[in-house]
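Chain and residue survey
If you want the building blocks of each chain, they are given just below.
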There are 2 protein chains.
Amino acid sequence: MRQSLLFTKTLKNISADSQSRNQQFLVRGGFVQQVMAGVYAFLPLGYRVIRKIETIVREEMSAVFGQEVFLPALHPKNNWVATGRWDTFDAVFKLKSRQMDIEYALAPSHEEVVVPLAKQYIHSYKDLPFAVYQIQTKFRDELRAKSGLLRGREFIMKDLYSFHATPDDLARYYEEVSRAYVKIFFRMGLKSLLVEASGGTFSKKSHEFQIAASAGEDTIYYCSACSLGRNEEVVTEADKHLCLVCGKKTVVLKTSEVGNIFKLNTKFSDPFGLKYEDKEGVSHMVYMGCYGIGISRLMGVIAEVFNDDRGLIWPSAVAPYRVHLLSLNQEKEEVAKRAVSLYDMLVQNGVEVLFDDRDRRAGEKFAESDLLGIPLRAVVSEKSGDKVEVKERKSMDARLLSLENFLAATLSCASPQKP
Amino acid sequence: MRQSLLFTKTLKNISADSQSRNQQFLVRGGFVQQVMAGVYAFLPLGYRVIRKIETIVREEMSAVFGQEVFLPALHPKNNWVATGRWDTFDAVFKLKSRQMDIEYALAPSHEEVVVPLAKQYIHSYKDLPFAVYQIQTKFRDELRAKSGLLRGREFIMKDLYSFHATPDDLARYYEEVSRAYVKIFFRMGLKSLLVEASGGTFSKKSHEFQIAASAGEDTIYYCSACSLGRNEEVVTEADKHLCLVCGKKTVVLKTSEVGNIFKLNTKFSDPFGLKYEDKEGVSHMVYMGCYGIGISRLMGVIAEVFNDDRGLIWPSAVAPYRVHLLSLNQEKEEVAKRAVSLYDMLVQNGVEVLFDDRDRRAGEKFAESDLLGIPLRAVVSEKSGDKVEVKERKSMDARLLSLENFLAATLSCASPQKP
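Here the structure is a predicted model, which means the values were calculated and not measured.

**Structural notes on the overall build of chain A**
From N to C terminus, chain A includes 11 helices and 23 strands. Within chain A, the fraction of its 419 residues that count as buried is 47%. Once local pairs closer than 6 in sequence are excluded, the contacts in chain A between residues at least 24 apart make up 69%.

Here it is, written out as C-alpha cells:
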C-alpha cells in the first residue's frame, strides 16, 4: 500500500478524554476512530490488525474442530424470556419493530439462538459432541464505556459453543479449548494467565485468560507455582494472599481480560429442552460449554502492552504490514526510482509493505513510522546508496543490507497472507 | 471436512411458509436456518459460500482502490437528525440506552457515520479522491420480510463510499465501479443487467444491477440493443414499452436486485460541512458516491438461479467445497481405505473436499449430494475398482478416472483458498 493513497493520516493531538495508552496511540496512528463513547470505527490499518487476529483465532478454532457459523444479532424476545435473561442481563439492548408486536434483543451473547439452532440437529448420542463458533459484532449497554477498545458498547467477539453427552466430555473439551486459548495468545506475543472468576449470568464460575498490564481494569491474586490466579471478585479478605491449592503466597497483579470460558452444563439446555437419546433410547439433557475471545479488545490489549514513548510496536503475527518502506530524498530521481523498484519487488514476492512515498521531511517520516509500529523499517535514501537500511522497530538496531539480502531475510518470515 | 463431523444435516421437510425456491433448498441443505421472519443464521456450508462471495468482492473493491474499514452499527441519533433521515428513513431501527439520554440508530446504511469520519482526514484537494468500503451487517425494519434471503431485516452488505473534488471525477469513478460490479457478478456466474431506478432516501436516481429470475421481486423494462433497462418504479404507462435511448421495443423481465449505485453528489456532504480547499485556497463541497452489494442476498439469488428439481448447482467460484467425495460400500475395508486415502491426498493438495464418510445407503448419499450441489462429485465404490467415478453436478456426465488423473484435473482448477 502506498501511504500517499491511504486516506487516514496520523494525528498530532487527540482529545483529552483518551486516557488509556492503547486508545491514544491507536487513534493518533489512524488505526481506529471513536464514533461515540464505547463505539469505534476500524480504519484501514486497524482493520488489517483485526483480520490478522481473526485469522489466528480461526486457525486454532478449526484445530479444536470448531465449525464456523454466523448467527444473527437480532434475537426474538421470547428466547431471552425463556432463559430468564430478558430481565436479568442488565446490558441487553432491547428494541421494537415498527410493527409493535415484535420485540428484539440486540445480542450481547448467543446462547439464546445457538441452543434452539442446535436442537434441530441433535437427536441421538451419535450427534454429539460438536462445537460451533462465530466471529461477530456484540452489543452491550455498558454503564461506563472506558479504556478505548477495552470496554465498548459494540465490539467484535469470537464465541464458541460446545455440546456434549456427559459432564466428563464437557470437561475434556474445556481443557482442550483452554490449551487452544493459551496458544492463540502466545502466537500474538502474549503470555496469558489462567484465572478463576465468577460466571455472571452464564454459570456459577468461570475461567478468564488475563494479560498483565499496568493499566488493566482487573486485579488478580496469582500463584506462580500453580500457574493459577483468582480474580478479586471471587477472593475474600482472609484468603486472597494465599494460594488455595498449594498454600504459597500470591502476588497481586493488574491485568486485562482477553478471553473467558464457562461450563454452562445444562443451564441453557434446560429452558429449550435440548436433549439426546443414549444407546438404550433413554433421554438426557445436553451439556454445554461456551468460550469467548474479545477480538477488538485483544487489539486494544496488544496496543496497551507493546509500545514505547514513541508509539506502537506490533508483534509480527498481527502487524498491519510486515515492512514499512520509507523513501527519503525523493527529489533525487535515482533514489525515488530505487525505492519504487524495491516496493514492487517486495509486493511481487507477497511481502506486505506500507510504502511511505510521500514528500515529507525525514524526521516526520521517522516519527510517524515510530508511531505506527510496523515490525521492520526499510529506508532507501541518498545515504543508503544501492543498499537499504533496515531497522527492527523493537530493538532499533540498524543494518545496511543489499536489496537481495533484505528480500531473502524478509521472505523467510513473511506471512502467507495476501497483501 | 468429514461429513460425519458436520453438525448440520439435510432436512426432508421444511415448513410451508418457505415459498421461494432458494429458501427451500438452502434450508433443506442446512446452509441457513431461519431464526424468525427476515432473520437467518448462516450454518457451516452456507457461511463458506458467504466467505467466498466476500473474497471475490474484496478483490474487486481492492482493484478499484477501495480501502477496507469496519464501521459500527450503533450510530448517534444526532447524525441521523442532521441528514433528516431520522424521520424520513422508515426502516431505521431506533433504540435507547438504559442511560435514557442516549438514543441510537441501528444502521441500515452508513453515510451518517462515514461522512463525519472522512471529514477528519479531508482538508485539501490533495486528499481527494479516495474510497472506503466495508462488509458488515445491516439492519432494516422491513414491513414484509420475504423470499428467504432476498429481503431480510438483518443482512450482510458490502458498502463502498467515494469522495471526489468534482462531479466529473465522481462520474469517472461511478463508471469504474459499475464495470467492477459487472465483473464481480460475472465471476459468480451471473449476467447482470444495468437498470435505471429511483434513489430512495439516497439520491434522485440510481442504477441497479439486476439478475433475471422468474421468482424475482422486481419488474424491469429492458432494451437489449442499449444493454440498459428501467425499473418499473421509474417508467410511465406511456413510455415503458419503448427504450428512451434508441426507441426500440423493450422486453419485460422479472429480476432480482444484487447491487445498486448512487451519485450522492453533495447530499450528505452538505449537512456535515464536508469541504476541501482547492489550489487557490477556495473552499468547495466534496462530491460523493455510494455503492452497495447485498452479500447474503447474492447467495439467495445464486441459489434461486442455479438449481434443478433435485437441488442446488453452485457455480465453482462460490461453491462451499470443490469436490464432494462419496464413499460407498464402506463395509468393505478395502473400499473405505481407498476413499480415505483419496480424501487425504486431496486435502494435502489444498483441494476443498466434503467427504461423505457416513454409513448410509448409496441412494441417500446421491440424493443429498444432489441437494447440496457441490460442483464435482467423486464416487469411490466396489464398482469403481482402483479408479474414481467423477460427475459434474451440472451436466451429470460420468467419467472413470485414475486417482492421479482425477487429482491433476481437480488441481488445475482448485481454488487457492484454504480448506
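Having seen the structure, we can now continue with the description.
**Re the packing of helix H2 (residues 44-63) of chain A against helix H6 (residues 167-187) of chain A**
All names here are of chain A. Contact geometry of H2 with H6 gives a least axis separation of 10 Å together with a crossing angle of 155°. Between H2 and H6, the crossing angle belongs to the class labelled roughly antiparallel. Between H2 and H6 lies a crossing whose hand is right-handed. Here H2 contributes Ile 56, Val 57, Glu 60 and Ala 63 to the contact with H6, which in turn contributes Ala 180, Lys 183, Ile 184 and Arg 187.

**Considering the relation of the copies chain B and chain A**
Between the two copies of the chain lies a relationship made up of a rotation around an axis and a movement along it. Relative to chain A, chain B is turned by 180° and slid 0.0 Å along the rotation axis, the superposed coordinates differing by an RMSD of 0.0 Å. Viewed as a symmetry operation, the transformation between the two copies matches a two-fold axis. Distance from the rotation axis, computed per C-alpha, reaches its smallest value in chain B at Leu 95 of chain B: 2.7 Å. Counting the interface residues of chain B, we find that 100% of their copies in chain A are interface residues as well, pointing to one common contact surface.

**Some details on the interface of chain B and chain A**
Counting residues at the interface gives 41 residues for chain B, matched by 41 residues for chain A. For the side of chain B that touches chain A, the elements supplying multiple residues, two or more each, are strand E1 (32-36), strand E2 (39-42), helix H2 (44-63), strand E3 (66-68), strand E4 (74-76), strand E5 (93-96), helix H5 (111-119) and strand E7 (130-139) of chain B. A class-by-class count of the residues in the side of chain B that touches chain A yields 29 nonpolar, six polar and six charged.

**Examining the domain arrangement of chain A**
When the domains of chain A are assigned, the result is domain 1 (21-308) and domain 2 (321-411). Relative to domain 2 of chain A, the C-alpha centre of domain 1 of chain A lies at a distance of 40 Å.

**Some points on the sheet that holds strand E5 (residues 93-96) of chain A**
All names here are of chain A. The antiparallel open sheet is built from three strands, whose spatial order is E4-E6-E5. Of all strands in the sheet, those bounded by a partner on one side alone are strand E4 (74-76) and E5. The mean inter-strand angle of the sheet, taken between neighbouring strand axes irrespective of direction, is 40°. Across four bridges, the pairing between E5 and strand E6 (residues 103-106) is antiparallel.

**Observations concerning helix H10 (residues 362-372) of chain B**
All of the buried residues along H10 of chain B are Glu 368, Ser 369, Asp 370 and Leu 372 of chain B. Phi turns positive, to about 75°, at Gly 373 of chain B, one or two residues after H10 of chain B.

**Description of unusual backbone geometry**
With omega at -10°, the peptide bond leading from Leu 128 of chain A into Pro 129 of chain A counts as cis. Mapping Pro 129 of chain A onto the fold places it in the loop between helix H5 (111-119) and strand E7 (130-139). For Asn 329 of chain A, which is not glycine, the phi torsion reads 45° and is therefore positive. The class for Asn 329 of chain A is partly exposed, based on 15 C-beta atoms found within 10 Å. Non-glycine residue Phe 65 of chain B carries a positive phi angle of around 60°. Here Phe 65 of chain B lies in the loop between H2 and E3.

**Considerations on the nonpolar core**
Membership of the largest hydrophobic core comes to 222 residues, with the highest contact counts inside it found for Ile 302 of chain A together with Ala 41 and Ile 302 of chain B. Excluding its chain neighbours within four sequence positions, the residues that come into contact with Ala 41 of chain B are Val 69, Leu 71, Pro 72, Val 113 and Leu 117 of chain A together with Val 32, Gln 33 and Val 35 of chain B.

**Section: the environment of Glu 112 of chain A**
Residues and elements named next belong to chain A. Here Glu 112 shows up in helix H5. What makes Glu 112 buried here is the crowd of 28 C-beta atoms within 10 Å. Between the C-alpha atoms of Glu 112 and Leu 190, which are 78 residues apart in sequence, the distance is 32 Å. Setting aside chain neighbours within four positions, we find Glu 112 in contact with His 75, Asn 79, Trp 80 and Thr 83.

**Focus: the sheet that holds strand E20 (residues 353-356) of chain B**
All names here are of chain B. One open sheet accounts for five strands, arranged E20-E19-E21-E22-E23; its pairing is mixed. Edge positions in the sheet fall to E20 and strand E23 (398-402), since each of these pairs with one other strand and no more. Recorded for the sheet is a direction-independent mean angle of 25° between the axes of neighbouring strands. The sheet contact formed by strand E19 (residues 323-327) and strand E21 (residues 376-380) spans five bridges and is parallel.

**Regarding the confidence of the model for chain A**
Residues and elements named next belong to chain A. With 97% of its residues at a pLDDT of 70 or more, chain A shows a mean pLDDT of 93. Scored below 50 in pLDDT, residues 414-419 makes nine contacts in the model with residues more than four places away or belonging to other chains. Scoring of the predicted complex yields 0.96 for pTM and 0.95 for ipTM.

**What about the pairing of strand E12 (residues 228-231) of chain B?**
All names here are of chain B. Relative to E12, strand E9 (residues 193-198) runs parallel, the two being bridged by two bridges. Following the sheet pairing, Val 195 is matched in E12 by Gly 229. Judged from the four bridges that link them, strand E11 (residues 218-223) and E12 form a sheet pairing that is antiparallel. Each residue of the ladder has a partner; that of Tyr 221, found in E12, is Arg 230.

**Remarks on the environment of Ala 105 of chain B**
Residue and element names in this part refer to chain B. Looking at the element boundaries, Ala 105 is found in strand E6 (residues 103-106). For Ala 105 and Phe 406, which are 301 residues apart along the polypeptide, the C-alpha to C-alpha distance reads 53 Å. Not counting chain neighbours up to four residues away, the residues in contact with Ala 105 comprise His 75, Lys 77, Trp 80, Trp 86, Val 92 and Lys 94.

**Some points on H6 of chain A**
All names here are of chain A. An ideal rise of 1.5 Å per residue puts 30 Å on 21 residues; H6 measures up with 30 Å between its terminal C-alpha atoms. Turning to H6, the residues buried within the fold contact H2, strand E8 (154-164), strand E10 (205-212), strand E13 (251-265) and strand E16 (287-294). Phi turns positive one or two residues past the end of H6, at Gly 189, with a value near 85°.

**Remarks on the environment of Ala 238 of chain B**
As for its placement among the helices and strands, Ala 238 of chain B is situated in the loop between E12 and strand E13 (251-265). The class of Ala 238 of chain B is exposed, set by 7 C-beta atoms lying within 10 Å.

What counts, and where the lines are drawn
Residues numbered from 1 in each chain as written. Chains lettered and ligands numbered in written order. Predicted model: local features only at pLDDT ≥ 70, side-chain atom pairs only at ≥ 80, totals over all residues. Helix = DSSP H or I, 4+ residues; strand = E, 2+ residues; numbered from the N terminus. Buried ≥ 20, exposed ≤ 12 C-beta atoms within 10 Å, placed from the backbone. Contact = placed C-beta atoms within 7 Å. Axes fitted to C-alpha atoms, helices over the stretch in contact; angles between N-to-C directions. Parallel < 35°, antiparallel > 145°, perpendicular 65-115°, else oblique. Left-handed = near helix turned anticlockwise from the far one by under 90°. Least-squares fit on C-alpha atoms with pLDDT ≥ 70 in both. Nonpolar A, V, L, I, M, F, W, Y, C, P; charged D, E, K, R; others polar. Domains from an automatic or database assignment. Pairing = 2+ DSSP bridges. Core = buried A, V, L, I, M, F, W, Y, C linked by C-beta atoms within 7 Å. pLDDT = per-residue confidence, 0-100. Expected span 1.5 Å × (residues − 1).

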